[in-house]
Amino acid sequence: MWVLGFVLAVDSTDQSILRGVQPLIKHDFHLSDAAVGFLASAFVLINALTTIPAGYLADRTNRTKVIGVTIVAWSGITALTGACMNFLELIGVRALLGFGLGVTEPSANSLLTDFYPTQQRGRAFSIQQQMLFVGFGLGIALGGGIGSHFGWRWAFVIVGAPGVLTSLLVFRLHEPKRGHGDRLSLGLKPSDDEEEPLPPLFEHGVLTFVGDLFRGLRDDLKTIIAIPTLRYVLVGVGVLLFSVTGVGYWLPVYLQRFAHMSLESSTSAVGGIVIVAGLGGTWFGGRIADRYQNQISGARIALPSYCVMIGTVLFTLSLAPLPTVAVLVIQTVAIFTLVAAIPGIRAGTGDALPATLRGAGFAAFSLVSTLSGAALAPPLLGFLSDLTNLRFAFLICMPPIFIGALIMYRARKHLDEDVAKVLMAVQRAYQEQQALEEKRAAEEPT
């Protein structure tokens, strides 16, 4: 749980440096708000191309090795950003970062659901997501601080190094068998804790592997879309990550323009808000997701839906012309409430997915969050800001987020039924395995 959290922290820090130095890059390359917003979305194409195949592989390969190798590669790319000499080079290098989260997200989430039973997944995901917000806040604060004193290039070089250390921790994790956490949820004895034997990817040649990949992706996605909970949750994930990503990216600029704060003070303030609200919100969200799991129908979807609705209203209130201190307090509470939705949604998604499809399911989760969040939110808000102003751009985007939360709320009617199907399948497979073992024992000579 903690190691996979460190993975998110490193990735989030690498991506968030850009939010802390964006005014410096804008000045150096003479960019508009829309262009700066597009820079934050540069990795989306690579992410989209890698996420779904990565989900397929997460269901069929050693997940810890995939994550470890990926971390080393993206840390090097982050450091390489500091060598970019023009805007096009910067776009290209930042685009390469797309494979990082695209590859690690499905494997990490699949691992968490296998390490922990359903009764503990809300807390497990809350700890993991807390580390994401630590990285998010550190990236903004370190980017602004290092960039203000040494230039934006050094910010990328310095912060790109810790990923290699994290990869060493990941390589030491054992690979649990798929469905291990589900068996724990039912109080069944796990078959064993040894690493699951996996055939080589190219055992029958590259062409055969590619054909199997496309057929497997098609079949996996059909099965996932047929799960009612997942259809509604993906809508909710889209609106939640749109709000969190868009607000997180543009909030330092908003405070500079409307609260008259300096670059260093605004990035430090937002870094502090994100760390405090992110840590507190994910801690709170994970605990209520577990505590009320069996007390409220569809709790792991219903409670996050309420959080998104309340957080949207609070953030809208913070856009009023209020004293700076009041704005910062309200925005902290709003972000706390919004991110409290994340652990419950992730735990609910893992509960509703069969063990053999969790990699693909979380890949779809990651793809939707990337497209609606990183791809759409920063450039759309930047475009609206160029047309009007940043405050009005925020206001325009709030009502659709609220509507998306209402749509997600409908998934609560299906969650408990979908989870029951998964656990019944696990129970049935366990009983068949026990019957087979008893038959073999009876046939053995005494």
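Keep in mind that this is a model prediction, so the values were computed, not measured.

The next thing to look at is the overall build of the chain. Per the secondary structure count, the chain includes 19 helices and zero strands. Relative to its 446 residues, the chain shows a buried fraction of 57%. Put simply, of all contacts in the chain between residues at least 6 apart along the chain, 84% involve residues at least 24 apart. For the chain, the accessible area works out to roughly 18200 Å², and carbon and sulfur atoms hold 68% of it.

In an α-helix, one turn spans 3.6 residues, which is why side chains three or four residues apart end up on the same side. If you check helix H14 (residues 299–318), its first and last C-alpha atoms are 28 Å apart, about what 20 residues at 1.5 Å a residue would give, namely 28 Å. Counting buried positions along H14 yields 14 of 20 residues, so the element is predominantly enclosed.

Here the phi dihedral of His 260 falls at roughly 55°; this positive angle occurs in a residue that is not glycine. Mapped onto the elements of the fold, His 260 is located in the loop between helix H12 (228–258) and helix H13 (263–291).

A few words now on the side chain of Thr 337. Tracing the backbone shows Thr 337 in helix H15 (residues 324–339). Given the relative accessible area of 12%, Thr 337 is considered buried. In this structure, Thr 337 is in contact with Cys 307, Ile 310, Gly 311 and Leu 314, ignoring residues within four places of it in sequence.

What follows concerns the packing of aromatic side chains. Evaluation of the coordinates by the stated rule reveals five aromatic pairs. Between Tyr 306 and Tyr 409, the ring centres sit 5.5 Å apart and the planes meet at 40°, which makes this aromatic pair tilted. Of this pair, Tyr 306 sits in helix H14 while Tyr 409 sits in helix H18 (residues 390–409), and the two are 103 residues apart along the sequence. Since its relative accessible area comes to 37%, Tyr 306 is described here as partly exposed. For Tyr 409, a relative accessible area of 25% corresponds to the partly exposed category. Aromatic rings pair up to connect Tyr 254, Phe 258, Phe 315 and Phe 394 into one cluster.

Turning to the nonpolar core, a few remarks are in order. Grouped together as the largest cluster of nonpolar side chains are 100 residues, with contacts concentrated most on Ile 25, Ile 67, Leu 240, Val 308, Phe 315, Ile 345 and Phe 394. Not counting residues within four places of it along the chain, the set of residues in contact with Ile 345 comprises Val 233, Val 237, Leu 240, Arg 300, Pro 304, Phe 365 and Met 408.

At a minimum axis distance of 6 Å, the contact between helix H1 (residues 2–29) and helix H7 (residues 121–150) shows a crossing angle of 30°. Considering their axes alone, H1 and H7 lie roughly parallel with respect to each other. In this structure, H1 meets H7 at a crossing whose hand is right-handed. In terms of residue class, the contact of H1 with H7 is made up of 14 nonpolar, 13 polar and one charged.

What follows concerns the environment of Ala 9. Position of Ala 9 among the secondary structure elements: in helix H1. Along the primary structure Ala 9 and Val 134 are separated by 125 residues, whereas in three dimensions their C-alpha atoms are 6.2 Å apart. Sequence-distant contacts of Ala 9, defined by excluding residues within four places in its chain, comprise Met 131, Leu 132 and Gly 135.

Let us look at a nonpolar patch on the surface. Judged by side-chain polarity, Val 69, Leu 165, Leu 168 and Phe 171 come together as a nonpolar surface patch covering roughly 410 Å² of accessible area. If you tally residues by element for the nonpolar patch, the top one is helix H9 (residues 163–171), at three residues. If you trace the backbone, Phe 171 turns up in helix H9.

Okay, the pattern of salt bridges next. For the structure on display, the rule yields seven salt bridges. In this structure, Arg 178 engages Glu 175 in a salt bridge whose closest nitrogen and oxygen atoms are separated by 3.9 Å. Given a relative accessible area of 1%, Glu 175 falls into the buried group. Asp 290 is paired through a salt bridge with Arg 300; the nearest N and O atoms lie 2.5 Å apart. You can see Asp 290 sitting in helix H13 and its partner Arg 300 sitting in helix H14, a full ten residues away along the chain. Judged by relative accessible area, Arg 300 falls into the buried class, the value being 2%. What you see here is one network of salt bridges that share partners, running through Arg 63, Asp 114, Glu 175 and Arg 178.

Time to look at the packing of helix H4 (residues 63–80) against H9. Orientation of H4 relative to H9, taken along the N-to-C sense of each, is 175°, at an axis distance of 8 Å. Classified by the interaxial angle, the pair formed by H4 and H9 is roughly antiparallel. Within the contact between the two elements, H4 uses Thr 64, Lys 65, Ile 67, Gly 68, Val 69, Ile 71, Val 72 and Ser 75 and H9 uses Gly 163, Val 164, Thr 166, Ser 167, Val 170 and Phe 171. Classifying every residue of the contact of H4 with H9 by side-chain character gives seven nonpolar, six polar and one charged.

Definitions and cut-offs
- Residues numbered from 1 in each chain as written.
- Predicted model: local features only at pLDDT ≥ 70, side-chain atom pairs only at ≥ 80, totals over all residues.
- Heavy atoms only, no water.
- Helix = DSSP H or I, 4+ residues; strand = E, 2+ residues; numbered from the N terminus.
- Buried < 20%, exposed > 50% of the residue type's maximum accessible area, 1.4 Å probe, protein only.
- Contact = heavy atoms within 4.5 Å.
- Areas by Shrake-Rupley, 256 points an atom, 1.4 Å probe, with all protein chains shown as cover.
- Expected span 1.5 Å × (residues − 1).
- Phe/Tyr/Trp six-rings, centres within 6.5 Å; stacked < 30°, edge-to-face > 60°.
- Core = buried A, V, L, I, M, F, W, Y, C linked by side-chain atoms within 4.5 Å.
- Axes fitted to C-alpha atoms, helices over the stretch in contact; angles between N-to-C directions.
- Parallel < 35°, antiparallel > 145°, perpendicular 65-115°, else oblique.
- Left-handed = near helix turned anticlockwise from the far one by under 90°.
- Nonpolar A, V, L, I, M, F, W, Y, C, P; charged D, E, K, R; others polar.
- Patch = residues over 30% accessible without salt bridge, like charges linked within 9 Å, V, L, I, M, F, W, Y side chains within 5 Å.
- Salt bridge = Lys/Arg side-chain N within 4 Å of Asp/Glu carboxyl O.

On their own, these measurements won't tell you what the molecule is for.
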